[in-house]
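Chains, contacts and geometry: an overview
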Amino acid sequence: MTDETPRPTNESPTPRIGDTRPAPKIGDTRPAPATPAGESRPEGEARPAGTSNANRNRNRRRRGKGPGQGGGQGGGQGNATGQSSPAQPRQGRPADAPVEASAPDAAEGSSGSRKKTTRRRGGDRKGRAQGRYLMCVHVVDGATHIATMEGRSLVEYRVAREADETLQIDGNIYVGRVQNVLPGMELAFVDIGIPKNAVLYKNDVTFESDEVEAKPSNDAKIEDMLKAGQTVLCQVTKNAIGAKGARLTQDVSLPGRFAVLVPNSSTIGISKRLGDGERRRLRKVIDEVKPAQHGIIVRTAAEGVSSEDLARDVKSLAEKWEAIETEAKKSPQPRLVYRDLDMAVRLLREELNDDYRAVLIDDKELFEKVREYVTAVNPELADRVEFYEKGTEELPLFERYFVHEQLHRALDRKVYLPSGGSLIIERTEALTVVDVNTGKNVGSTNLEETVFRNNLEAAEEVARQLRLRDIGGIIVIDFIDMEIKANREAVASALRQALSRDKTRTQVFDISELGLIEMTRKRVNEGLLESVSSTCAVCDGRGFVLSAGL
């Protein structure tokens, strides 16, 4: 009798999007188990014994053919032809609820009428979208964990707490009441309805010139601009970090997918990342869509969009601003009047393009929210938002793509370089110090060449670690001393080039004679370590315990 049980192959396939086989564990050289020919598939369809691996890989996780399946748009709003059903009218907002950020209502036939350039459409290979990045979204214990992968490497990690109205509030707009003004510090503390007062600096205050008596606007003092008890409308630009309160501004802006609305302003701007030809085209479009009383800034995502799409985005933002003004006039009580999108949706609004091959979400409710938003603002990329069914997949999402393993390495103070060198990253209250060591890297030619190559490798890894760990503030990097000036300049240039991929603003100064580079990175949120840990109750975060005899 012939044994028809399929034999495992000697190959250990790499996990790919759409592949339902479990990935081998780290250090496990056994092949991933094959599905027997007669075994039932998750949807109850028997697979023929001769079906190839390539055909099985094409069975995507998207199941949008009926209500309750993973890939439906908004919980089964898609039809068999793949076209989205008409959007349902939104429910009215309760009288005491703040204005919520949302996608603009999709125009009829928008999924097929968008005039995008060819470059904006993602490529595909064997039915799978291709791209540089992959976003994995895992929801657990009231928190949303968002991991961004570049290839197989973890490059960003964010944590959003559920209903966090005190720590993660950047982008929200509040009615605030000035508590006290400090002329010596040129700032004011403002009560915005959360436990800790927020901070409003002088340069972030807006006022009419006739409101300040006999003072030119550039020499006006903050005590003349603001008074205790005064009601102000302000927006959070930086979350509270440590003992510092959230930072506010009165220069309110409302970001959309293609443009940013600057209310009550004449500001006009176009992203510098766009080419000269595209900037000229968009400048003409701005004249058609700009509201008379508001300014707009066109974003990089607007490349190739039609004037109709841009006008629809601007109109939606203008309507939101009118709702915010109406809500703010109801009462002078400090409170939230506009809530920005959830972090997962906000990241997609800022970053999703054809460089992302997929966005995998393992929570059905969040998946439907994200899919609805992407379908409204970027329908050609909506099929890249996929639901990762935890009940049918062999491995959890973060284990399948080795996120946990890389996350634990990102929390260590020591980082190993491929050549044998290492980095030591130490954070203090004032600044962050990065020490570069050669370690086991002994080179092959001479000391200067060995040190130079080690520093070049370290510059690339330092940029990646700053982005991954979300380290902000003043940063000092102690590279190994180099005698040749050209080598020092090359290392500084390599660091700037590596940091150019980071969307957070950075400033890098030249390397000194001692091999030190001073730089700054804008601090917007708490770092990675703070977002996934808590302070030790024994040592109070100092890292050591005093001897019992002291």
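Residues numbered from 1 in each chain as written. Predicted model: local features only at pLDDT ≥ 70, side-chain atom pairs only at ≥ 80, totals over all residues. Heavy atoms only, no water.

Among the UniProt annotations of the protein chain, the heading Cofactor (unreviewed entry) holds the following wording: "Mg(2+)". (UniProt positions renumbered as here; feature names shortened; annotations may be inferred.)

**Remarks on the sheet that holds strand 13 (residues 259-262)**
In spatial order, the strands read 12-13-15-14; together these four strands make up an open sheet with mixed pairing. Looking at strand neighbours, the two that pair on one side only are strand 12 (254-255) and strand 14 (268-270), the edges of this open sheet. Relative to strand 15 (residues 295-298), strand 14 runs parallel, the two being bridged by three bridges. Looking at strand 15, one finds that Gly 269 is bridged to Ile 297. Where helix 5 (residues 307-328) meets the sheet, it contacts strand 12, strand 13 and strand 15, and its direction lies at approximately 35 degrees from that of strand 13. (Pairing = 2+ DSSP bridges. Helix = DSSP H or I, 4+ residues; strand = E, 2+ residues; numbered from the N terminus. Contact = heavy atoms within 4.5 Å. Axes fitted to C-alpha atoms, helices over the stretch in contact; angles between N-to-C directions.)

**So, helix 4 (residues 276-289)**
In a regular helix each residue adds 1.5 Å, so 14 residues correspond to 20 Å; helix 4 covers 20 Å between its end C-alpha atoms and thus fits that length. For helix 4, the set of buried residues is Glu 278, Leu 282, Val 285, Ile 286 and Val 289. One face of helix 4 carries all of its buried residues, which in axial projection span an arc of 110 degrees. Seen from the buried face of helix 4, the exposed residues on the opposite side, beyond 90 degrees, are Asp 276, Arg 280, Lys 284 and Asp 287. Against strand 14, strand 15 and helix 5 lie the buried residues of helix 4. (Expected span 1.5 Å × (residues − 1). Buried < 20%, exposed > 50% of the residue type's maximum accessible area, 1.4 Å probe, protein only. Arc of directions from axis to C-beta.)

**Overview of the pattern of salt bridges**
Enumeration over the complete set of coordinates arrives at 25 salt bridges. Residues Arg 501 and Glu 460 are paired through a salt bridge, measuring 2.5 Å at the closest nitrogen-oxygen approach. Of this pair, Arg 501 sits in the loop between helix 11 (485-499) and strand 23 (506-508) while Glu 460 sits in helix 10 (residues 447-469), and the two are 41 residues apart along the sequence. (Salt bridge = Lys/Arg side-chain N within 4 Å of Asp/Glu carboxyl O.)

**Overview of the sheet that holds strand 19 (residues 414-416)**
As summarised here, the arrangement of the six strands in space is 19-20-21-22-24-23, forming an open sheet in which the pairing is mixed. In this open sheet, the two strands that pair with only one neighbour each are strand 19 and strand 23. Between one strand axis and the next, the sheet turns by 20 degrees as a mean value, whatever way the strands run.

**Things to note about a nonpolar patch on the surface**
Residues Leu 411, Leu 529 and Val 532 make up a contiguous nonpolar surface patch of roughly 210 Å² in combined accessible area. Inspection of the secondary structure assignment puts Leu 529 in helix 12 (residues 528-531). (Patch = residues over 30% accessible without salt bridge, like charges linked within 9 Å, V, L, I, M, F, W, Y side chains within 5 Å. Areas by Shrake-Rupley, 256 points an atom, 1.4 Å probe, with all protein chains shown as cover.)

**Digging into the side chain of Asp 362**
Positionally, Asp 362 belongs in the loop between strand 17 (356-361) and helix 7 (364-377). Nearest to the buried, unbridged Asp 362 among oppositely charged side chains is Lys 390, at 4.5 Å. At 2.5 Å, the side chain of Asp 362 forms a polar contact with the side chain of His 138. A polar contact of 3.1 Å, which involves the side chain of Asp 362, links it to the backbone nitrogen of Val 139. (Lys, Arg positive; Asp, Glu negative; His and termini not counted. Polar contact = N/O pair within 3.5 Å; in protein donor to acceptor, adjacent residues only side chain to side chain.)

**Topic: the packing of helix 10 against helix 11**
How two helices pack is summed up by the angle between their axes together with the distance between the axes. Relative to each other, helix 10 and helix 11 sit at 20 degrees, their axes nearing to 8 Å. Considering their axes alone, helix 10 and helix 11 lie roughly parallel with respect to each other. When the axes of helix 10 and helix 11 are compared, the crossing they make is right-handed. Across the interface between the two elements, Glu 448, Phe 452, Asn 455, Leu 456, Ala 459, Glu 460, Val 462, Ala 463 and Leu 466 of helix 10 pack against Asn 487, Ala 490, Val 491, Ala 494, Leu 495, Ala 498 and Leu 499 of helix 11. (Parallel < 35°, antiparallel > 145°, perpendicular 65-115°, else oblique. Left-handed = near helix turned anticlockwise from the far one by under 90°.)

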